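# Descriptive analysis of the structure
In case you want the letters, here they are:
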Amino acid sequence: MGFCAEDLAAALKGSLGKDPVSHYPVLTLRGKRTLISTASALASVDGKIVRLQESPAVIEGCLWLPAEFLTSVLPQILGGPVAVRGAEAKAPLAEGKVPPKGEAKPEPKAAQAQKGASVSVGAEVAADSVRLTLAGKDAVLADVAQGSNEIVVTLAEGGLTGTAQDVGAGIVDGIAFNQGGRTLKVALGPGFKRLESLKLRDPDRLVLVFKGEGQRVNPPPPDDVQAAPGTADAGTAPGGPPRKTAAFDTVVLDPGHGGSDTGATTAGGLQEKDLTLVLAQKTAALLEKAGLRVILTRSTDTQVPLVQRTAIANYNRADLFLSIHLNSSPAPSARGTETYFLSRNATDLWSTQLAAKENTEGTASGATADSGLNLVLWELAQTSYIVESSVLAEAIQQEFNTLLGTTDRGVRQAPFVVLEGAQMPAVLVEVAFLSNPDESKRLTDPAFQDQVAQGLTQSILAFKARYDKPEAPPPAS
Ligand SMILES: [Zn+2]
């Protein structure tokens, strides 16, 4: 059970809009911005992620939120617990008020049935749910009965229209009804777990959400992701992406900047883009020697849009994305390494400013303006990589603290565009300060460049070892 976000926004005098970057719905309440993912069971209140049991969804113009939204997300917005009456609560909460106990929640008013009015049937299929929508005045008066293997919807008035589309099998094995008939039967599959129903007004409709797992549709959606060369693609599940065989074998190195985007520069004519390419190439050589497949986002002095860089990593199903940069600061004394992993919330002002600086590189070509690969999306969909990314960031940071003899900087979080959308652990390292005379001199020294490449390689191989461990044969017992 759930409710429409529109109702919640109206009841609490908030507003519902769209995030300009991610195009996800944004609920603004009491000055707090709650981003709602319709692709995963996550919401984000002022950048703080809240996990939900069920994914919000757009159902015929209604942004459907699970009832738990009231207990898990709303308190974060209102700054306190919220009393919820019943699972079907429609959020009739007045400004700052807890609804009095025992007050009956207004039920959707029974629509006046029009004789002969029709109810159209539509279905929407996802891997974990099948949504069936019956639209029309008579739909909200329909009776829904659950049997052992089927759900039967019976209209009191009117008739059903539409074609029973092939919804595949798994959660729902089929939908059957006769044109103009009053009975619709939904055959439940082995993947079915539960049914949620929702009656909506303006326009009137009955939405039935069959939840579960493993809904398969034929034919499977085209897979535009290329399997890594040399990896078998056998045993691909229907509709599932090709799986790689090795646990960790592909690394994408991203030399920062390139082409007309020089990155940081020095009065002496050094350019960040040239040095990051050298460092990436040296690191690639070492990683390849260690048996890894390495892909560079650029191997020449060219400008590659930021989003394309992570797209390359995703396309190649990389296990790791490492973006290499050099730092700069108005203070010549600033020195040391900083390693970043992606987060909407920057660690501090410095991190915010740095991210803003690095993020400008792609916009020069206008490439990031309408990107669907954005921070918010990444944050919501790729939360699982944050921990792994932080582990790698720590490893790199420790290597470089030793190499550069500094400990005053460290691992930080910031919203880097170049890390957005990476479907793998992704880290950005600011190796050293080009603005520091000492460090810029060292950066041009081939021996130091080799050390940097070794440090990055060590960190990556140590990180890889974490992945390889579960692949090792279990100890004999
Ligand atoms: Zn940079």
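To start, this report covers the structure provided alongside it. (Residues numbered from 1 in each chain as written. Predicted model: local features only at pLDDT ≥ 70, side-chain atom pairs only at ≥ 80, totals over all residues. Heavy atoms only, no water.)

In this section: the sheet that holds strand E7 (residues 57-59). The strand order across the open sheet formed by 3 strands is E1-E8-E7, and the pairing between neighbours is antiparallel. This sheet does not close on itself; its edge strands, each paired only once, are strand E1 (2-4) and E7. Adjacent strand axes in the sheet meet at a mean angle of 40°, parallel and antiparallel pairs treated alike. Where E1 lies against strand E8 (residues 62-66), 3 bridges are found, and the strand directions are antiparallel. Its bridge partner being in E8, Cys-4 is matched across the sheet by Trp-64. (Pairing = 2+ DSSP bridges. Helix = DSSP H or I, 4+ residues; strand = E, 2+ residues; numbered from the N terminus. Axes fitted to C-alpha atoms, helices over the stretch in contact; angles between N-to-C directions.)

Right, let's talk about the nonpolar core for a bit. In this structure, Leu-322, Val-431 and Leu-443 are the most contacted members of the largest nonpolar core, which totals 33 residues. The set of elements that each furnish at least two residues to this core consists of strand E18 (250-255), helix H4 (272-289), strand E20 (320-327), helix H8 (383-404), strand E23 (426-433) and helix H10 (446-468). Here this core takes 6 residues from H8, the largest share from any one element. Ignoring any residue separated from it by four or fewer positions in sequence, one finds Leu-443 in contact with Leu-275, Leu-279, Leu-326, Val-431, Ala-432, Phe-433, Leu-434, Phe-448 and Gln-449. Judged by nonpolar contacts, the second largest core, of 24 residues, contains Val-119, Leu-160, Val-167 and Ile-171. (Core = buried A, V, L, I, M, F, W, Y, C linked by side-chain atoms within 4.5 Å. Buried < 20%, exposed > 50% of the residue type's maximum accessible area, 1.4 Å probe, protein only. Contact = heavy atoms within 4.5 Å.)

We now examine the state of the cysteines. All told, the structure shown has 1 disulfide when counted by the stated rule. With a sulfur-sulfur separation of 2.1 Å, Cys-4 is cross-linked through a disulfide to Cys-62. Disulfide Cys-4-Cys-62: the torsion about the S-S bond is -110°, which places it as left-handed. Residue Cys-4 is found in strand E1, and its partner Cys-62 is found in strand E8; the two are separated by 58 residues along the sequence. The exposure class assigned to Cys-4 is buried, which follows from its relative accessible area of 7%. (Disulfide = S-S within 2.5 Å.)

This part is about the pattern of salt bridges. Counting across every chain of the model gives 3 salt bridges. Two residues, Arg-309 and Asp-254, come together in a salt bridge whose shortest N-O distance is 2.7 Å. With Arg-309 in helix H5 (residues 306-315) and Asp-254 in strand E18, this residue pair connects regions lying 55 residues apart in the sequence. There is no split in this pair, since Arg-309 and Asp-254 are both buried. Asp-301 serves as the salt-bridge partner of Lys-273, at 2.9 Å between the closest nitrogen and oxygen. Residue Lys-273 is located in helix H4, and its partner Asp-301 is located in the loop between strand E19 (293-296) and H5; the two are separated by 28 residues in the primary sequence. Owing to a relative accessible area of 7%, Lys-273 belongs among the buried residues under this scheme. (Salt bridge = Lys/Arg side-chain N within 4 Å of Asp/Glu carboxyl O.)

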